[in-house]
Amino acid sequence: MGYLTTDKKKITAKTFIKMKQEGEKIAMLTSYDFTTAGIVDAAGIDGILIGDSASNVMLGNSTTLPITIDDMIVFARAVARACHHCCVVCDMPFGSYQTSREDGIRNAVKIMKATGVDAVKMEGGVEIADTVKGIVNAGIPVMGHLGLTPQSIHQFGGYGLRAKEEAEAEKLLSDAKALEAAGVFGITLEKVPAALAKKVTESVHVPTIGIGAGNGCDGQILVYADALGMTNGFKPKFLRHFADMNSCMTKGVEEYVKCVKDCSFPSETESY
Ligand code: KIV
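Residues numbered from 1 in each chain as written. Predicted model: local features only at pLDDT ≥ 70, side-chain atom pairs only at ≥ 80, totals over all residues. Heavy atoms only, no water.

S.K.: Would you mind showing me how to read the overall build of the chain here?
M.R.: Scanning the chain for helices and strands turns up 11 helices and eight strands. Summarising its shape, the C-alpha atoms of the chain cover approximately 65 × 45 × 40 Å along the three principal directions. Per-residue burial over the chain gives 47% buried out of 272 residues. Across the chain, the fraction of contacts at a sequence separation of at least 24, relative to all contacts at a separation of at least 6, is 58%. Of the roughly 14,000 Å² of accessible surface on the chain, 58% is carried by carbon and sulfur atoms. Across the chain, the 28 positively charged side chains and the 32 negatively charged ones have centroids separated by 4 Å. (Helix = DSSP H or I, 4+ residues; strand = E, 2+ residues; numbered from the N terminus. Buried < 20%, exposed > 50% of the residue type's maximum accessible area, 1.4 Å probe, protein only. Contact = heavy atoms within 4.5 Å. Areas by Shrake-Rupley, 256 points an atom, 1.4 Å probe, with all protein chains shown as cover. Lys, Arg positive; Asp, Glu negative; His and termini not counted. Charge placed at Lys NZ, Arg CZ, Asp CG, Glu CD.)

Quick look at the structure:
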């Protein structure tokens, strides 16, 4: 109990490291709004990421590049208000830390002050390690993100599997070590071979959180709309649908439309 929270079991960046040490898997999902985050938090998730995938999921863009720091702050504020238990992590969007170390620190501080999240996440390895160190030194927990890093999509030329070749796999391993040395509390590994993700997981002391990175990671993360089957037609190999929200919502909307049209809604008991 204290100023931070009334929940003695509130999950923090430190808890994530303890969970790895104790061999407890870490379950994360994204969320971008108050209502969804409240459901996800209450259902027992360990961490929520306000991913810059909000650019796709919430704003309809084809990449994560257009979303701004001010957009992210609106989503992150709503999610942080809803979460009482899990660790809340906000993505730093494209352009908010690539320009300079100082910009990175300033923008991480801006997110923390404006939103109430617990940590930030950044894409990249050795090339951002100094910026990560500066943000950690400012007292802000940072999660890294390696492998498929969507903010660099134009460099990769597509959303395919990363680090299949030996040279890229070795670079990824040294990037993970550089991030660990810079002070991150966790590393997201996106769309890399399961054997490589396992090797990285065994080589660092901070937890790895996989998405399309196999079962050898310390935890898993999915975009909630994908995991709950809202995004019809998007079904990459790594994705499992844990619910069929698309059908559920479609049926509900169809039923509502029908009841309005046939005048059965609202009924007498639903009227004043
Ligand atoms: O933006 C996002 O949702 C992410 C996850 C896919 C890891 O970075």
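S.K.: Looking at this structure, I do not really get the pairing of strand β6 (residues 186-190). What am I missing?
M.R.: Two faces belong to every sheet, and in a regular strand the side chains alternate between them. When you tally the buried positions in β6, you get five out of five residues, the bulk of the element. Residue alternation in β6 divides its side chains into two sets, Gly-186, Thr-188 and Glu-190 and Ile-187 and Leu-189, and both sets are buried. Taken together, the five bridges between strand β5 (residues 142-147) and β6 define a ladder with parallel strand orientation. Of the residues in β6, the one forming a bridge with Gly-144 is Ile-187. Since β6 and strand β7 (residues 208-211) lie parallel, the crossover through helix α9 (residues 194-203) that links them has a hand, and here it is right-handed. (Pairing = 2+ DSSP bridges. Right-handed = clockwise from strand over helix to strand, strands pointing away.)

S.K.: Got a minute to help me understand the pairing of β7 in this structure?
M.R.: Of the two faces of β7, the one holding Thr-208 and Gly-210 and the one holding Ile-209 and Ile-211 are both buried throughout. Where β6 meets β7, four bridges bridge the pair, whose relative direction is parallel. Bridge pairing in β7 places Thr-188 opposite Ile-209.

S.K.: Would you take a moment to explain the sheet that holds strand β8 (residues 219-222) for this structure?
M.R.: The strands that make up a sheet are held in pairs by hydrogen bonds between backbone atoms, and each pair lies either parallel or antiparallel. Strand order in the closed barrel formed by eight strands is β1-β2-β3-β4-β5-β6-β7-β8, and the pairing between neighbours is parallel. Taken over all neighbouring pairs, the strand axes of this sheet differ in orientation by 25 degrees on average, direction set aside. Pairing of strand β3 (residues 87-91) with strand β4 (residues 119-121), which is carried by three bridges, proceeds in the parallel orientation. Paired with Val-89 across the bridge in β4 is Ala-119. Set on the sheet, helix α1 (residues 13-21) makes contact with β1 (26-30), β2 (47-50), β3 and β5; between it and β1 the angle comes to about 135 degrees. (Axes fitted to C-alpha atoms, helices over the stretch in contact; angles between N-to-C directions.)

S.K.: Before we go on, may I ask you to explain the packing of helix α6 (residues 129-137) against helix α8 (residues 166-182) in this structure?
M.R.: Any two packed helices are characterised by how steeply their axes cross, that is the angle between the axes, and by the distance between the axes. Running from amino to carboxyl end, α6 crosses α8 at an angle of 25 degrees, the nearest separation of the two axes being 8 Å. As far as their axial angle goes, α8 and α6 are roughly parallel. With respect to the hand of their crossing, α6 and α8 are arranged in right-handed fashion. For the pair α6 and α8, contact is made by Ala-129, Val-132, Lys-133 and Val-136 and by Ala-178, Leu-179 and Ala-182, respectively. Here the residues of the contact of α6 with α8 are counted per class, giving six nonpolar, no polar and one charged. (Parallel < 35°, antiparallel > 145°, perpendicular 65-115°, else oblique. Left-handed = near helix turned anticlockwise from the far one by under 90°. Nonpolar A, V, L, I, M, F, W, Y, C, P; charged D, E, K, R; others polar.)

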